[in-house]
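What follows is the residue order along each chain.
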Amino acid sequence: MGVQQQQTGQETMSDQADIRAGRLPAAAYDANFSDVKPPLDPARAVIEANRCYFCYDAPCQEACPTGIDIPSFIKKIATDNLKGSARVILEENIMGGSCARVCPVEILCEEACVRNTQESKPVRIGMLQRRATDWLMENGRQPFERAAATGKRVAVVGGGPAGIACAHRLAVLGHDVVIYEARDKLGGLNEYGIAAYKLPDGFAQKEVDFILEIGGIEARTGQALGRDFTLSQLRGEYDAVFLGLGHAGVNLLGLEGDDWQGVESAVSYIEKLRQAEDLSALPIGRRVVVIGGGNTAIDMAVQAKRLGAEDVTLVYRRGPAEMSATDHEQDFAQINGVRIRHWARPVRLIGRDGQVREVEFEYTQLDEDGRLMGTGDRFTLLVDQLFTAIGQKFVPDPLKENERDVLEIANGRIAVNDEGQTSLPDVWAGGDCTPGEDLTVAAVQDGKIAALSIDRHLSK
Amino acid sequence: MADIRCDFVGIKSPNPFWLASAPPTDKEYNVVRAFKAGWGGVVWKTLGEDPPVVNVSSRYGALSYHGMRMVGFNNIELISDRPLEVNLREIKQVKRDWPDRAMIVSLMVPCEEENWKNILARVEETECDGVELNFGCPHGMSERGMGSAVGQVPEYIEMVTRWCKKYTRMPVIVKLTPNVTNILGPARAAKAGGADAVSLINTINSICTVDLDVMAPTPTVDGKGTHGGYCGPAVKPIALNMVAEIARDPQCAGMPISGIGGVETWRDAAEFMALGAGSVQVCTAAMHYGFKIVEDMKDGLANWMDEKGYATLDDFRGAAVPNVTDWQYLNINSEIVARIDQDKCIKCGLCHIACEDTSHQAIAAERVNGERHYEVIDAECVGCNLCMHACPVDGCITMVKVDNGKPYLNWKEDPRNPQNMKAAE
């Protein structure tokens, strides 16, 4: 993988935790955080496109959460109709460009490819999707035109993939949209949460700009629900509201020392990393431990390694099969020099002067009923910096008015019907704040479905 | 190991793989490289009278399919553009250096007896093994009254062939153009003129592609194009049919055939031979991959013959000819249906949609335990083979015989034939 690393240091425990910036030569940062999966060149893309059998009622399309007509877009690459190809993709998934880069295709479209059965080598659908969407963003314009203005106005709260997808579809259908985003930039996790080498070169913002070219979408950043405005106000002001609030909270270890120096959520650190002007100025520990088994844990561990951390260990309480990070992601972490330890959970943080220095783990196993239990055996890892990636959660507080939920929350997320409509008839919701897979592509689908439902309601 | 030595109208070669008259056989350098690579013989690129022809720049067009290059190929190159004397000298030298290889010389001169008499005398001095009369070239030379302009008129073929037989002791092979409605006319004319053999097919009138920027056919010469001669793998089915038509024609019975048209592998060659060809000629495959391809042609053919128990080429030459018949003699009572090997099925659905959209709605797309499942509806299947051809997995869909207990019945005998109904009245 070409990760440039620091020389191995001495394995002694100094008085001070070793967290510092600039562990690598300046040039190494560019190399380590450039495009992790460079695009197919035109010739390779055509060769790959010709591998597609153009299946009928294709399994890949069925496996795509947004239902992109994959055989059609691939056929169009083979015939050098890249404009048409990109349009097929964007019709179902306006964030087809970022999804081409971040989708876990190995468990979605590419897993379903019939070529797997025949030769254990699927058509590289993600890479082909990138070829078409990149071409359009470089050579073309937003391929959609807005329908005649309806005079209806819709508020979208949250400028992540769900909100942007919803806003774009509404704009295409002729409605005017205002996006309220609490942060400074639109993009959501594409901008703040995904590993930097998956969406390098400011792609998240380029894609947002491309999508907003459709017109009719006003973005108001720095505007937070519950702080700057309430849902009731939006409902009074707009014909409909879409909530794409995402996950505002992270789960904590629940151990003493959660708040010590050197303990941080992976989400918070990755956000800093993504917004850093200069990665060589970003401090990282020499010995890093990441706790968790999802893609965020993998992204954190690999990025720590690529920032020059000498020793990165990812610890997960269950086995490899139970990790929500795909096999592909787990392999990627290991290729990057991350050590993965399964079947262990943290039971104690050991610190000095308010700074975490060691983490004590207990081995785990499943009992006869399949429940996770500790074995009683323990081990300790020395640590300069500890990252937690043990789940994110929807925080419903901004939806409280007069200390009461204004709409129905179920199992910690906003309850919605099949069309994304909440318990309030003029409010829809989608993305990570609603039930379902926490994937960019799933959020886009939620936004699209909700927009179509909103349009039907507004057309009545 | 099977013996693949070839004796074609007395012309002997260590194998039946000859390079056809074309750019690869235009000069000593290429032909020597071909012989070193193991080719059994060559038909030297067509000689004409001096002054030599002049060729244009940009000569070949090609058809690609799904990334496969040169599935079809065409050219607008004329006959040899080198002085006759140079060609004759080189032919003589190469034949001396490679006495075991077949050396046939292709000829094309104006349709006058004296012209043919003169060139035959000069060619004979090279001690080559035979001549091939180029009555096939469909571009350029035909505008000058040669090539396919001769090959499309059976009377001319017979006349020129007769002259050639009169003025040379060498075997005369007549190369036929496929740009006719019935190949038997030219073939019978060649036989009537005394030809020792025919070779076919020459290339087919064609425009390979149109350059949509220049708005001109390819190959494009300074903004304009002309039809060229089509060849390569895509023409093989046309060639096979024409070879078979001649092989099973009672009037042409026994006339040796050198098969040409899209031969790229030993299997292609075996197919031509099964339909009666005594040797095969190759050009496009060599122009695509170089001369080395002959190695597998020889080796593969011999291995296949060993497997089948054929000791010599004569053991299977023409073996498929008795099974080429007219439609009206096919057994109308024979029934087959498609069978899908579910273990091999990759669930692409192509068999289903091909049948559903364009044929007989005889393959059901179902879900079994949530899995895609495709099943043949026997009652609807007419045994057309479309699904088998559309399926991307070899051997996944096969056609199996239905034992319906009905005897052989052909259309001439079938009571459903309107002519039989009339007779019964």
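Since we're looking at a predicted model, the values are computed, not measured. Each chain carries its own residue numbering, running from 1 in the written order of its sequence. For this description, chains carry letters from A and ligands carry numbers from 1, given in the order in which they are written. Since the coordinates come from a predicted model, pLDDT governs what is reported: local features require at least 70, and pairs of side-chain atoms require 80 or more to be given and counted, while whole-chain, interface and lining totals use all residues. Each side-chain value is derived from all of the structure's non-hydrogen atoms; neither hydrogens nor water enter the calculation.

**Student:** Now, about empty space enclosed by the protein: what can you tell me, with residues and values included?
**Tutor:** Over the atoms, a rolled probe matching the size of one water molecule traces out where space is still vacant. Residue and element names in this part refer to chain B. A cavity here means a set of points on a 1 Å grid, drawn over the protein atoms and nothing else, where a 1.4 Å probe fits but cannot get out; a pocket is an open set with protein on both sides within 12 Å along at least five of seven lines, and a residue lines either one if it has an atom within 4 Å of a point. Grid points are joined across faces, edges and corners, and a volume is the space filled by probe spheres set on the points. One pass over the full model with this rule turns up seven cavities of 30 Å³ or more. Its volume calculated, the largest cavity comes out at about 430 Å³. Lining the largest cavity we find 37 residues, and of these S21, A22, K175, T203 and C283 sit closest to its centre. Note on residue classes: Ala, Val, Leu, Ile, Met, Phe, Trp, Tyr, Cys and Pro are nonpolar, Asp, Glu, Lys and Arg are charged, and everything else, Gly too, is polar. When the residues that make up the lining of the largest cavity are grouped by side-chain class, the tally is 19 nonpolar, 13 polar and five charged.

**Student:** Describe helix 2 (residues 42-49) of chain A, naming the residues involved and giving the relevant values.
**Tutor:** Residues and elements named next belong to chain A. Those residues of helix 2 lying buried are A45, E48 and A49. The arc that holds the buried residues of helix 2, viewed along the axis, is 100°, so those residues lie on one side. Residues A43, R44 and I47 are exposed on helix 2 and point more than 90 degrees away from its buried face. Should any heavy atoms of two residues lie within 4.5 Å, those residues are counted as being in contact. Comment: elements are numbered from the N terminus, with helices defined as DSSP H or I runs of at least four residues and strands as E runs of at least two. In this structure, the buried side of helix 2 is in contact with helix 4 (70-78) and helix 9 (125-139). Summary of the burial criterion: residues with accessible area below 20% of their type's maximum are buried, those above 50% are exposed, and those between are partly exposed, where the area comes from a 1.4 Å probe applied to protein chains only. Think of it as the arc spanned by the lines of direction from the helix axis to the C-beta atoms.

**Student:** Give a detailed account of the pairing of strand 5 (residues 240-243) of chain A, specifying residues and quantitative values.
**Tutor:** Residues and elements named next belong to chain A. On strand 5, burial covers both faces: A240 and F242 on one face and V241 and L243 on the other are all buried. Strand pairing is defined by DSSP finding a minimum of two bridges between the two strands. Bridge analysis of strand 2 (residues 153-157) against strand 5 gives four bridges, and the strand direction is parallel. The residue of strand 5 that forms the bridge with V154 is A240.

**Student:** Pulling in residues and values, what's your account of the layout of surface pockets?
**Tutor:** Residue and element names in this part refer to chain A. Estimated volume of the second largest pocket: approximately 590 Å³. Contributions of two or more residues to the lining of the second largest pocket are made by helix 6 (96-102), helix 9 and helix 16 (327-335). Counting residues per element, the lining of the second largest pocket draws most heavily on helix 16, which supplies five residues. Its residues assigned to classes, the lining of the second largest pocket shows twelve nonpolar, two polar and eleven charged.

**Student:** Tell me what's going on with the packing of helix 4 of chain A against helix 5 (residues 82-92) of chain A, and back it up with residues and numbers.
**Tutor:** All names here are of chain A. Where helix 4 contacts helix 5, the two axes come as close as 8 Å, and the packing angle between them is 165°. Looking at the two axes, helix 4 sits roughly antiparallel to helix 5. At the point where helix 4 passes helix 5, the crossing takes the left-handed sense. Every residue of helix 5 that contacts helix 4 at S72, F73, K76 and I77 is listed here: L82, G84, S85, V88 and I89. All axes here are fitted lines through C-alpha atoms, helices being fitted over the stretch that makes contact, and every angle between N-to-C directions spans 0 to 180 degrees. Every angle not falling under 35 degrees, over 145, or within 65 to 115 is termed oblique; those three ranges are roughly parallel, roughly antiparallel and roughly perpendicular. Crossing handedness follows the turn of the near helix against the far one: under a right angle anticlockwise gives a left-handed crossing, and clockwise gives a right-handed one.

**Student:** Could you give an account of the packing of aromatic side chains, naming the residues involved and the relevant values?
**Tutor:** Stacked, tilted and edge-to-face pairs are distinguished by plane angle, under 30 degrees for stacked and over 60 for edge-to-face with tilted covering the rest, among Phe, Tyr and Trp rings (Trp via its six-membered ring) whose centres lie within 6.5 Å. In total, this model carries 16 aromatic pairs over all chains according to the counting rule given. When the centroid spacing of 4.7 Å and the interplanar angle of 45° are considered together, the rings of A:Y180 and A:F229 count as tilted. Taken as a pair, A:Y180 in strand 3 (residues 176-181) and A:F229 in the loop between strand 4 (217-221) and helix 13 (231-237) lie far apart in primary sequence, 49 residues in all. Neither residue differs from the other here; A:Y180 and A:F229 are each classed as buried. An aromatic cluster is built from B:W266, B:W304, B:Y310 and B:F316, whose rings are joined through pairwise contacts. Over the aromatic face of A:F54 sits the side chain of A:K75, whose NZ or CZ is 5.3 Å from the ring centroid. Looking at A:R306, its charged tip hangs above the ring of A:Y197, at a distance of 4.8 Å from the centre. Throughout this description, the term charge over a ring refers to an Arg CZ or Lys NZ atom that lies within 6 Å of the ring centre and within 35 degrees of the ring normal.

**Student:** For the interface of chain A and chain B, give the residues involved together with the corresponding values.
**Tutor:** The interface is formed by 13 residues belonging to chain A together with 14 residues belonging to chain B. Buried area is understood as the total, over both parts, of accessible area removed when two parts are fitted together, assessed with a 1.4 Å probe. In total, about 1,100 Å² of surface goes out of reach between chain A and chain B, with carbon and sulfur atoms giving 55% of it. Of all residues in chain A, A:N50, A:Y53 and A:Y56 bury the most surface against chain B, accounting for 46% of the area lost on that side. The rule for a salt bridge is simple: a side-chain nitrogen of Lys or Arg has to be within 4 Å of a carboxyl oxygen of Asp or Glu. Seen at the junction of chain A and chain B, the total is two salt bridges. In protein, a polar contact means a hydrogen-donor-capable atom and an acceptor-capable atom, both N or O and within 3.5 Å, with residues adjacent in sequence counting only if both atoms are side-chain atoms; elsewhere, any N or O pair within 3.5 Å suffices. The interface formed by chain A and chain B contains five residue pairs in polar contact (both at pLDDT 80 or more). When residues of the side of chain A that touches chain B are traced back to their parent elements, those giving at least two are helix 3 (59-63) and helix 8 (115-119) of chain A.

**Student:** An account of the sheet that holds strand 4 of chain A is requested, with residue identities and associated values reported.
**Tutor:** Residues and elements named next belong to chain A. One open sheet accounts for five strands, arranged 4-3-2-5-21; its pairing is parallel. Strands with a single pairing partner mark the edges of an open sheet, and in this sheet they are strand 4 and strand 21 (427-429). The sheet shows a mean angle of 20° between the axes of neighbouring strands, direction not considered. Sheet topology places strand 3 next to strand 4; five bridges connect them, and they run parallel. Each bridged residue has a counterpart across the sheet, and for I179 the counterpart in strand 4 is A219. The sheet contacts of helix 17 (residues 440-459) involve strand 2, strand 5 and strand 21, and relative to strand 5 the element is tilted by about 170°.

**Student:** Which residues make up the sheet that holds strand 14 (residues 228-231) of chain B, and what values do they have?
**Tutor:** Residues and elements named next belong to chain B. Within the open sheet, the four strands sit side by side as 5-6-14-11. Their pairing is antiparallel. With partners counted over all chains shown, the strands left at the sheet margins are strand 5 (60-65) and strand 11 (204-206), one partner each. Between one strand and the next, the sheet's axes are offset by a mean angle of 45°, whatever the strand orientation. Pairing between strand 11 and strand 14: three bridges, direction antiparallel. Residue pairing for strand 14: N205 is matched across the bridge by G229.

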